[in-house]
Every structure is written in C-alpha cells, then in structure tokens.
Amino acid sequence: MAVDMSERKTDFGPPHYEQFLPPIIKENYGKWKYHEVLKPGVMVHVSASGARLYTVRAGSPRLISIDKIRNYCDLADKYCGGYLRFTSRHNVEFLLTDQKNIDPLIADLKALGHPVGGIGNAISSIVHTQGWVHCHSAATDASGIVKSVMDELCEYFTSTKLPGKLRIALACCLNMCGAVHCSDIAILGIHRRPPQVKHDRLRKECEIPSVVAACPTAAIRPIMVDGNPSVEILEENCMFCANCYTVCPSLPLNDPLNDGVSIWVGGKVSNARHEPMFSKLAIPFIPNNPPRWPEVVSAVKGLVELWAANARPYERMGEWIERITWPKFFRMAGIEFQKEHIDDFKHAGLTYKRSAQLTR
Amino acid sequence: MAGATYKTPKLDELEKGPWPSFVKEIKMAARRSPMANDLLGQLEKSYTEKIGYWKHGGIVGVMGYGGGVIGRYSQLPEEFPGVSHFHTIRVNQPAGWFYTSKALRGICDMWEKRGSGLTNMHGSTGDIVLLGTVTDQLEPIFAELTATGFDLGGSGSDVRTPSCCCGKARCEWACYDTMAVCYDFTMSFQDELHRPAFPYKYKFKFAGCPNDCVASVARSDMSFIGTWRDDIKVNAEEVKKYVDGGLDIINNVVLNCPGKCMKWDGKKLEIDNDSCRHCMHCINVMPKALAPGDDRGACILIGSKAPIVEGALLSSVLIPFIKMEPPYTEIKEIIERIWDLWCEEGKARERVGEFIQRVGMGNFLEAIEVEPLAEMVAHPRENPYVFYEDYFEEGDEDEDEEEEEG
Ligand code: SF4
Ligand code: SF4
Ligand code: SF4
Ligand code: SF4
C-alpha cells in the first residue's frame, strides 16, 4: 500500500476537549455549586456565578446509525449552539442555557423516538456489548435483549418513582466487555457445553502449549489424533469460560441448544452508603428465546418490581438484599436455590454462611 | 442500493415498543450501505438459528499502529458478502464525551463513504466505535480521521483508551479535574496506547468523586476516584430548607451514613468528620446544603477486571490520597514502575490485578517501592502462614543493639 509516511501524523491523541465545551461550561468550569433534578431526565446545574445550565438526557440503543447522530446534531444546532455530549451509559445529553428550549427539545426527541429520563431514582440505559451483531464469542445477543427489557421497563426510565438508582448491564459472554459484574442487575450470556475440538484446523490455527496453558482449571490435555498433535477436553473440569477459545479459534463453545443467559443481582460501583459490591447469581440459566427473550424480560421486570416494592429510600438492590438476607430474597423472588448458586471456584469458602444469624 | 432484500420477521419484532430500536438504526444504515444490509440478513439468521456467525478476529490495522482496529470476518461470506469483512475501528473519544455537531458530522461523512454507517456511541471502554469496514478502507479512514483531529484508540495488550466522567465541566462534586488528567495521561501514553507491548490490557478510568459514575472501581486496572480530606462543607440554612421541605433526614441521611458520624437534633446537623468515610451519600441527598471539602484530590486503586482469566476483581487501594496536580510526576513514576515489573514478570494475558494476586500485594508493593498502609486492606491477614524473608541467628540480636547505639 502506498502511504506517504512523511506526511502522515500519528500519536497525536484525541482532540482536546476544550474545543467541544459550550461557552457556559468554559466560563463556569469548576465553579458549579449545586444541581437539582427539575423533572425526569432534566436537571439544572447552578454556578457560583449564578449561571444555570440545563441538561436534557435521552436514552439511546448504543448501536446507532450516522443518520441518528446527524439527527442529534440537528437538535444540538437548533437548541444548544451545536454542543452535545454522551454519558458513560450511552445516553445522549443536550446542554441548554435557555430554560424555554427544554420542552420543545423533549418534544423533538420524542418525535425521534428517544425517551427522556435516566436521572435520579430511575433506571438508566443498559450498558451492554456486541452480541450476535458483531462478536464471535457471544452466547446470546446483546441489543435484542436490551431492547426487549427496556421496552418493558421504559416507565422507570422516564420517571423517578423507584426507591433508588438501578443499574442494569448485559454482557454476551464471560469476557464481559461491559464488565457487568458490579450491577444491580446483570444479564450475562453463558455457554454450557465444553468446546468442540476441531482437530483438522487446530493444528494450523493454534499453538498447543498456549491452549493448554489458557485453561484455568487444567481441563485441556495435549493428545495425538490420527498421528497429529491436538488436544482433548476433560469435560467434567470445564466451566465454560471460553478462555481456550479466545486463544484458539478451533475450540468453539457456541451452541444453540446450550447457550443462554444467567441473571445476577446486587452489585454496585458507587461508594455511597455501602462499599462497591459484586453482583451475585440469582438465576443460573434461561435459554435463548429470540427475538424478545420473554423469560428474561419477565425475570428482570420481576426483580425490579420486587426491589421497588420492598426497598427503603436510597437502598440499592444489593443493600436491600443484604438487609433482608439472601434466603429471604430467594423466597420472595420465587427463585429455587440450587447447587449452581454455591460458588466452587477459588475463595468459594468465603461465600459460605459462617454464623447462625438466620432469618425466618 | 445493490444487494439482496432480506425478509427479517424476527428483527422486525424489535422495531416495536417505546425504547429506541437498534433494528431501525441498522435499517436506516442499510438504505445506503450494502454492508449494513447484509448485517441485517446475517443477524436475522442468528435470531433464527440462535447462534452468532462471526469468525475470530484477524489482525488488521493501519501502518505504524498495533491497535485500534479489530478485524472481523463473517463465517458466511458467500451468503452475506457485504459482511465478509466487517472490521471495527476504535476512535479515541474526547474527554468527557463532549462534542460539537461539526466534529460529529465530520465523522459521519467519513463513515458514510468508507464504512457501514453504523456506530456505537460509545464502546464500553469509552471509544467511539465505528462498526464495519473492509481492509482496503483502513488507511483512507485513518487519513480522514486524522485530518479532522481524531486519532485511534487502544486494543489488544496495550493501554486502552482512558475515559473519565464530566468532572468540573458539569459536576459540583468533582474533586479534581478529571478531563484534564484523562487528556494528559492519554497524551503521555500514546506509544503504550497504540503499540501493544504489555502482558495484557491496561485501563485507566477517572471519576471525580466516590460516586464513580464511570465505574472505575470495577472496570479499570487503575481507578482514580476523587475525594477530599478536610471537613464536609455544611450550609445550615439549606439543610433546614430540605427538612422543612419534607426530607426525612434521620431515616434517609443520618441512619444511612456508613461512618455513623452524623447527628440531627431537630435543628442542627452535626458531622464528626474524623469518622466520615467520604461515601457521598449525605451530599447526594442534599446537594444544595452539603459539599465535599476544599482539600481535594484522589484515591488511586488498582487491579479491577472482568472474570477472564482467573476471576473478577474490584480495584483495591494503592494510594489512599494524592493531590491531582500537573504534571502528575509522582503518579506517572509509580505507573512506570508497575509496568516495568508487570512486563518483566507478568504472564501472557495476566491483568495487573491477577498478577498482584499471584505474587501477593506485599511483594508487589515492595517491588514498586510503595509503602504498605492499613488503608490498602479491608482487614489485616487472618491466616498465620506468614512468609518471613529473614530469620535471626545466634548473635544477631547483639549486633542489632550495637548498631542502634552507634
Ligand atoms: S462480552 Fe463476550 S461475546 Fe460479548 S462482545 Fe464481549 S467478548 Fe464478545
Ligand atoms: S472453556 Fe474454560 S474451562 Fe473449559 S476447557 Fe476452555 S479454558 Fe478450560
Ligand atoms: S463521578 Fe462524581 S464528580 Fe464525576 S460526574 Fe459522577 S458525581 Fe460528578
Ligand atoms: S459522606 Fe458518607 S460517611 Fe461521610 S458523613 Fe456523609 S454519609 Fe456519612
């Protein structure tokens, strides 16, 4: 390829953020005094100077076309002097200086099909990964489940009637590109069938020592197959982590009959009140049922509404469960406690109940 | 538009309902892009057969960069030729995800010509993700991106694109300038970001306060969480207004305080700041009345990651408090020492958190020349199997005494 390297700039990094800040932010950078949520999805930040910056937050499916980005740009031009931003949870935010523009902007967003909300005691957009749209590892789709769940929970995005914040995340395999493991509710794609060894390809595609080394449970052994080096899987040692598949494409785990979704609850990342916590297993397995995964949707909705009905103000899912205790959670949620709920990896012993403090 | 017209009854179901539909987005892009159109076809097949049809990523990239592009190929190139190559470009987002419409339109125009027209705003690490292009377009894409001021993000075993909360730009709680630090670190580590040379990935995330809006404690090898050392600022009048306005201050604030350090006598809020854990709860509930103190900085934590390979980790405290003032020399020196050690002794695909678990935090600290502190542990060890490195021999004690006296 003929590339003129002398003209070619590299390693100059992202554009400096300052050129993207609206004048009101430049003038009040670091001077904000407080904020108030005015209504669902709308807040005002007030500066020491008295300046008022209004934010309108709208939900987004994360996977968006350039047409949609251009729609956002049109709205930013119309109402915000051409400035806009995105949040860490894929929402789009419009920054306004004129309070009168809030309602027309919300109307335009609604016409575009984007609900306004996700601020305060609400569900924000679901952080998620690629799924069948773009990844080789996926045990389920990401966008389809997210869409189906949010269709059902949209009213909790556009209102602030929940007791506290609720953060849902989805990852379509244990690689967890979205690191969902500290969410109030985590939807996690899982494989349940050991890798199928494609002996003919493995020879060419993979390095056997690194494949063997990749397995955290030592379930992979080198063997000879028809006079050629390959590997075998000790199936009873396999926990379906797909680590081997990541380093070797000839060990696929994807399997329509066995792939599906697990649901985890009670994680958080914020330090407010309780320290950050991992999410814990609630429902070990729900088979994939596209296009709308009704079983996953109703399980998630049930958990949200159970928490909403029982938690105290500000109590996150995990704080509520810790207060009522896990046995009670399982009973209230109508989830059968099974062998799979008990950890058996490293440090599993730390998760056993080591006291006689039990509820009824 | 050339190419097949697919019937997509399953995906069409996902156009219904109140939440914005990604299927509508793909269809919008498919009006002009055969790639997006074939994506629709392949995805419908996945929805029918309940399995994905992507091959393992291949190694593709632009000249001089080892990361930033993820190769992606369909397993069914004959059936869906438009996605036979469907590579992803990661573009380093501006700090805090602020944009002008002009900058975004520039990216859209380029991507209309040279890719599928589909994006993620944004990927999990923080990058702008451009989904779907072919190998021949990579250099022209890079040229057009750089002409508009954008550069590639990280991928593979390198520094991944750092990200941060909006910090001082729009949040009264930011205890340091997250966007400035994020930009500074991104610029300082351009080589590490673009040329994978580590055992595995290394992520930085910058949150302005303990609310940690960017989930740094769960999602970055090095988490910077803003905090303060002096007293919470209290505006007594505003506290009273919250209470008069109906706030149940006892149940919602005082009893929720993890430091058990707040008192409300019906008129006055008292905070025993020595016992405050800087959790943010009371400030979150009464933003007009309370604020973090003025002696602000950050707590730096290390090691969080998702389960692969050895299990998920949360970050743990490395530096309990440090002022975040440019040029951040002390912090960068520690980072360099961590990387030197981890590159030397880490195993392939071993994140720094797992490396620390393997060698032990005590040994790790010693190697990077950081003093152990009680703030670094939830509690001291319970297990008495201590690895002492030295033991005394007859006569040692006398020598020690002599030294002390001399
Ligand atoms: S979570 Fe797994 S399947 Fe999903 S995008 Fe990441 S690596 Fe791919
Ligand atoms: S999936 Fe995980 S546990 Fe199973 S063989 Fe592969 S690496 Fe080992
Ligand atoms: S992390 Fe703290 S400072 Fe940053 S945006 Fe969130 S609340 Fe504000
Ligand atoms: S910040 Fe947290 S620990 Fe400190 S006084 Fe407020 S509620 Fe208590």
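So, how was this worked out
- Residues numbered from 1 in each chain as written.
- Chains lettered and ligands numbered in written order.
- Predicted model: local features only at pLDDT ≥ 70, side-chain atom pairs only at ≥ 80, totals over all residues.
- Heavy atoms only, no water.
- Helix = DSSP H or I, 4+ residues; strand = E, 2+ residues; numbered from the N terminus.
- Buried < 20%, exposed > 50% of the residue type's maximum accessible area, 1.4 Å probe, protein only.
- Contact = heavy atoms within 4.5 Å.
- Areas by Shrake-Rupley, 256 points an atom, 1.4 Å probe, with all protein chains shown as cover.
- Lys, Arg positive; Asp, Glu negative; His and termini not counted.
- Charge placed at Lys NZ, Arg CZ, Asp CG, Glu CD.
- Salt bridge = Lys/Arg side-chain N within 4 Å of Asp/Glu carboxyl O.
- Polar contact = N/O pair within 3.5 Å; in protein donor to acceptor, adjacent residues only side chain to side chain.
- Near = heavy atom within 4 Å.
- Nonpolar A, V, L, I, M, F, W, Y, C, P; charged D, E, K, R; others polar.
- Buried area = accessible area lost by both parts, 1.4 Å probe.
- Pairing = 2+ DSSP bridges.

*Asks:* For this particular structure, what's the right way to read the overall build of chain B?
*Replies:* In terms of helices and strands, chain B carries 15 helices and 14 strands. For chain B, the spread of C-alpha atoms along the three principal axes comes to 85 × 70 × 40 Å. Counting across all 406 residues of chain B, residues that qualify as buried make up 58%. Put simply, 65% of the contacts in chain B that link residues at least 6 apart link residues at least 24 apart. In the structure as shown, chain B presents an accessible area of about 17,500 Å², 50% of it carried by carbon and sulfur atoms. Of the side-chain charges in chain B, 44 are positive and 65 negative, and the distance between the mean point of each set is 16 Å.

*Asks:* Help me understand the overall build of chain A, please; the structure alone is not making it clear to me.
*Replies:* When its secondary structure is counted, chain A shows 10 helices and 12 strands. Counting all 360 residues of chain A, 58% fall into the buried class. A fraction of 64% describes how many contacts in chain A between residues 6 or more apart in sequence connect residues 24 or more apart. Considering chain A, the positive charge centre built from 42 side chains and the negative charge centre built from 37 side chains are found 6 Å apart.

*Asks:* Help me out: how do you make sense of the pattern of salt bridges in this one?
*Replies:* Two side chains bearing opposite charge may form a pair once their charged atoms approach each other closely. In this structure the tally under the stated criterion is 45 salt bridges over all chains. The shortest N-O distance in the salt bridge between K288(B) and E36(A) comes to 3.4 Å. Here K288(B), found in the loop between α11 (281–285) and β12 (290–291), pairs with E36(A), found in strand β1 (residues 32–39), and the two come from separate chains. In this structure E36(A) comes out as partly exposed when scored by relative accessible area, which is 29%. Between R105(B) and D77(A) there is a salt bridge, with its nearest N and O atoms 2.6 Å apart. Highlighted residues: R105(B) in helix α4 (residues 101–114) and D77(A) in helix α2 (residues 66–79), drawn from two different chains. Looking at R105(B), the relative accessible area reads 24%, which means it is partly exposed. On the basis of relative accessibility, which here comes to 37%, the residue D77(A) falls in the partly exposed class. Three or more residues are tied together by salt bridges with common partners; here these are D67(A), R70(A), R31(B), R32(B), D109(B) and E112(B).

*Asks:* Whenever I open this one, the environment of R292(A) confuses me. Can you help?
*Replies:* With respect to the helices and strands, R292(A) occurs in the loop between β12 (280–287) and α8 (294–310). Considering only alpha carbons, one finds R292(A) and K147(A), 145 residues apart in sequence, at a separation of 8.2 Å. Those residues within four positions of R292(A) in sequence are excluded, and the remaining contacts are K147(A), S148(A), D151(A), V297(A), E13(B), L14(B) and K16(B). Within the local environment of R292(A), its side chain forms a polar contact with the backbone oxygen of E13(B), the two atoms lying 3.1 Å apart. A distance of 3.0 Å separates the side chain of R292(A) from the backbone oxygen of K16(B), its partner in a polar contact.

*Asks:* Would you mind showing me how to read the site of ligand 2 here?
*Replies:* Taken together, 13 residues sit near ligand 2, with C215(A), C238(A), C241(A), A242(A) and C244(A) positioned nearest. Of the residues assigned to the shell around ligand 2, the class counts are 11 nonpolar, 2 polar and no charged.

*Asks:* Sorry, what's going on with the interface of chain A and chain B here?
*Replies:* When the parts come together, some accessible area is lost, and that loss is often what is quoted as the size of the interface. With 114 residues of chain A in contact, the opposing surface of chain B contributes 114 residues. Note on chain A versus chain B: buried area summed over both sides is about 10,200 Å², and carbon and sulfur give 62% of it. Applying the counting criterion to the chain A and chain B interface returns 12 salt bridges. Along the contact surface separating chain A from chain B lie 61 residue pairs in polar contact (both at pLDDT 80 or more).

*Asks:* Any chance you could explain the environment of H278(B) here in plain terms?
*Replies:* All names here are of chain B. The topology assignment puts H278 in the loop between β11 (269–271) and α11. For H278 and N211, which are 67 residues apart along the polypeptide, the C-alpha to C-alpha distance reads 9.9 Å. At 3.3 Å, the side chain of H278 forms a polar contact with the backbone oxygen of W228.

*Asks:* Even after reading the chapter, I still don't get the site of ligand 1, so can you show me in this structure?
*Replies:* For ligand 1, the full set of nearby residues is T129(A), Q130(A), C135(A), S137(A), A138(A), C172(A), C173(A), N175(A), M176(A) and C177(A). Considering only residue class, the shell around ligand 1 consists of 6 nonpolar, 4 polar and no charged.

*Asks:* So what exactly am I meant to see when it comes to the pairing of strand β5 (residues 128–131) of chain B here?
*Replies:* The side chains of a regular strand alternate between both faces of the sheet. Residue and element names in this part refer to chain B. The two faces of β5 match: I128 and L130 on one face and V129 and L131 on the other face are all buried. Judged from the 4 bridges that link them, strand β2 (residues 88–91) and β5 form a sheet pairing that is antiparallel. Within β5, the residue paired with V91 across the bridge is I128. Sheet topology note: the strand β4 (residues 118–121)/β5 ladder contains 4 bridges and is antiparallel. Across the sheet, the residue bridging to M121 is I128, located in β5.

*Asks:* Would you take a moment to explain the pairing of β4(B) for this structure?
*Replies:* What you see with β4(B) is no split at all: L118(B) and N120(B) on one side and T119(B) and M121(B) on the other are buried throughout. Counting the residues in the hairpin turn of β4(B) and β5(B) gives 6 residues, including G126(B), whose phi is positive at 130 degrees.

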